[in-house]
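An overview of the molecular structure
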Amino acid sequence: MIDQAILDLTAYAVRTGLIEEGEQVWAINRLLAALNRSDWEAPAAPQERPLEEILGDILDWAVAQGMIEDGTTSRDLFDTELMGRLTPRPGQVRKEFWAKYDQSPEQATDWYYRLSQDTDYIRRYRIKRDMKWVTSTPYGDLDITINLSKPEKDPRAIAAAKAAPQSGYPKCQLCMENEGYAGRMNHPARQNHRIIPITIDNQDWFFQYSPYVYYNEHCIVFNGQHVPMKIDRSTFRKQLDFVKQFPHYFVGSNADLPIVGGSILSHDHFQGGRYTFAMEKAPVERSVSFPGFEDVEAGIVKWPLSVIRLRCADDERLIQLADKILKAWRGYTDEAAFIFAETDGEPHSTITPIARMRDGQYELDLVLRNNITTEEYPLGVYHPHQELHHIKKENIGLIEVMGLAVLPARLKTELSDLADALVAGRDIRADEVLAKHADWAEELMTRYTFTRDNAMDILKDEVGKVFATVLEHAGVYKCTEEGRAAFMRFIDHVNHL
């Protein structure tokens, strides 16, 4: 079995272009070394089969030999080492990327995205597990996902990570030093990971894909230095430099404050990709103008969060206006609208910016964010409120802001069990796991008759509507007459600076 798997893996590497046909003997010997084997009997012929199956056979053999523990983390560390031995060197990858870029940016990213999957850095078979659907709302069609591709830590891995000596290398999972890193029980292996150097705003940054792919060609653009997230004029310059180089991609940044920011604030980075989110499709509901910037098309977007859209053929003019709006927002207080720039010296206001090319012009969406908390809303006034936490409690970062829900894996089982309970008429409050959904479920029962055929579809659609409400909670100015009047007060404030 092990000899067949080794042959099949090297044949896969030839077939996908990771190695050349004349390198197969070399590749077999590289794998034998990783498996502590000094002999090999060539099978009659390779079998073309899924990569997951081939690696599974090798991992099962390694477990049986006592080489690795039989846990997800141990198996991931080991199969990444195997794939790393078949992955082209960084210099080879970069040379090929830029050669294809000379033909077109699309050719370069198409090749690089496929490479990132063929090396198993992006684990296709795990991405397929994600639950995805679309829900129609007054704001357009929202994308709903339950993310199942990010492996949960098994108990042995947690115990091993706790016992392991603490390491500061790499400093985080976004650092350039991850390229080729062997990993450990509390840090993923990255021997099969390759990054592309780029220059934006005259600074050395890097480009890679997310291993978890929340949407098509989900990429990460990150600073070569381990420095914290910061939204400022340079952010806009970097983002527009990126879309100038990759006009078929959008790029956005999480906000730089807790609660309204993403999960990693310690390393400056953006996220981008080749995907059209609901927010990009959302129309401008009211045009606005900024004196001195008559050449910049501007407006308030019909979206549950508070978005100012700017468009101009001159990227420098766009940056000037975006910087003016950012500075104005950071210092702006409107007590009547419960907008406070700071309390007790703690700043609350920032922006989630998204850049793209549209019809040959540069476009920036500036999403106004505020992270103030109160006794009533200890996790944030402009954050999902407590009654929605049974579905979504986590921060509303860039991806959610644009209209794609990344919901916790627990919901796959909980929604299925809840559907069964509603059909059977069971007491949901008596169920320790499902009780958190009881208020929601009881309200749904006033509007629907649940059957085995419709229960799951109803719940999925209603989850999408809950996500629309989540986004409304995150909006600093509500989509009401009063909210829009308050939004215009801020626009007037910018115009009087």
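What comes next concerns the included structure.

What counts as what
- Residues numbered from 1 in each chain as written.
- Predicted model: local features only at pLDDT ≥ 70, side-chain atom pairs only at ≥ 80, totals over all residues.
- Heavy atoms only, no water.
- Salt bridge = Lys/Arg side-chain N within 4 Å of Asp/Glu carboxyl O.
- Helix = DSSP H or I, 4+ residues; strand = E, 2+ residues; numbered from the N terminus.
- Buried < 20%, exposed > 50% of the residue type's maximum accessible area, 1.4 Å probe, protein only.
- Pairing = 2+ DSSP bridges.
- Axes fitted to C-alpha atoms, helices over the stretch in contact; angles between N-to-C directions.
- Contact = heavy atoms within 4.5 Å.
- Core = buried A, V, L, I, M, F, W, Y, C linked by side-chain atoms within 4.5 Å.
- Parallel < 35°, antiparallel > 145°, perpendicular 65-115°, else oblique.
- Left-handed = near helix turned anticlockwise from the far one by under 90°.
- Nonpolar A, V, L, I, M, F, W, Y, C, P; charged D, E, K, R; others polar.

Counting across every chain of the model gives 47 salt bridges. Salt-bridge contacts for Glu363 lead to Arg309; the nearest nitrogen and oxygen are separated by 3.8 Å. In this pair, Glu363 is assigned in strand S14 (residues 361-370) and Arg309 in strand S10 (residues 307-312), connecting sequence segments 54 residues apart. The closest approach of N and O atoms between Arg447 and Glu462, which form a salt bridge, is 3.2 Å. Taken together, the residues Arg447 in the loop between helix H14 (438-445) and helix H15 (455-474) and Glu462 in helix H15 connect sequence positions 15 residues apart. Relative accessible area serves as the criterion here: at 42%, Arg447 is assigned to the partly exposed category. Given the relative accessible area of 5%, Glu462 is considered buried. Three or more residues are tied together by salt bridges with common partners; here these are Arg233, Arg237, Asp241, Lys244, Asp315, Glu316, Asp323 and Lys327.

Let's shift gears to the sheet that holds S14. Strand pairing within a sheet occurs via backbone hydrogen bonds; the two strands may be parallel or antiparallel. Taken in spatial order, the 10 strands make up an open sheet running S3-S4-S5-S7-S6-S13-S14-S10-S9-S8, and their pairing is antiparallel. The sheet is open, and its two edges are formed by strand S3 (196-200) and strand S8 (284-288), each paired on a single side. If you compare each strand with its neighbour and ignore which way they point, the axes differ by 25 degrees on average. One ladder, built from 10 bridges, connects strand S13 (residues 349-358) with S14; its direction is antiparallel. Of the residues in S14, the one forming a bridge with Ser349 is Asn370. Here helix H6 (residues 105-118) sits on the sheet in contact with S3 and strand S4 (203-209), set at roughly 60 degrees to S4.

Turning our eyes to something else, we now look at the pairing of strand S2 (residues 140-146). A large share of S2 lies buried, amounting to 5 of its 7 residues. With 7 bridges joining them, strand S1 (residues 131-137) and S2 adopt antiparallel strand pairing. Paired with Ser136 across the bridge in S2 is Asp141. Remark: 2 residues form the turn of the hairpin made by S1 and S2, two consecutive strands paired antiparallel. Bridging between S2 and strand S15 (residues 404-407) involves 4 bridges; their strand directions are parallel. Bridge pairing in S15 links Ile146 to Leu407.

With that out of the way, let us pick up the sheet that holds S1. With respect to topology, 3 strands assemble into an open sheet ordered S1-S2-S15, the strand pairing being mixed. Only two strands of the sheet have a single partner each, and these edge strands are S1 and S15. Across this sheet, the average inter-strand angle for adjacent strands is 20 degrees, counted without regard to direction.

Glancing now at the pairing of strand S7 (residues 269-273). Two faces, one strand: in a regular strand the side chains alternate between the faces of the sheet. Burial of S7 is extensive: 5 of the 5 residues sit out of reach of the surface. Here S7 shows a buried face lined by His269, Gln271 and Gly273 and a second buried face lined by Phe270 and Gly272. Two strands pair when backbone bridges link them, and strand S5 (residues 219-223) and S7 are joined in this way by 4 bridges, in the antiparallel orientation. Among the inter-strand pairings, Phe222 is bridged to a residue of S7, identified as His269. Across 3 bridges, the pairing between strand S6 (residues 250-252) and S7 is antiparallel. Within S7, the residue paired with Val251 across the bridge is Gly272.

With that settled, the discussion passes to the nonpolar core. Core analysis: the biggest nonpolar cluster contains 92 residues, and Phe207, Phe242, Leu310 and Tyr477 have the highest contact counts within it. With 8 residues, the top contributor of residues to this core is helix H11 (residues 315-330). Non-local contacts of Phe207, meaning those with residues more than four positions away in its chain, are made with Phe97, Thr109, Tyr112, Ile195, Ile196, Ile198, Cys219, Ile220, Val221, Phe222, Phe242 and Tyr249. Core analysis: the second largest hydrophobic core is formed by 55 residues, Leu305, Ala421, Ala455 and Val463 among them.

Turning to the packing of H11 against helix H16 (residues 481-495), a few remarks are in order. Taken N-terminus to C-terminus, the directions of H11 and H16 make an angle of 115 degrees; their axes are 10 Å apart at the nearest point. Considering their axes alone, H11 and H16 lie roughly perpendicular with respect to each other. Once H11 is placed against H16, the crossing between them reads as right-handed. The segment H11 lies against H16, with Lys324, Ile325, Ala328 and Trp329 engaging Phe490, His493 and Val494. In terms of residue class, the contact of H11 with H16 is made up of 5 nonpolar, 1 polar and 1 charged.

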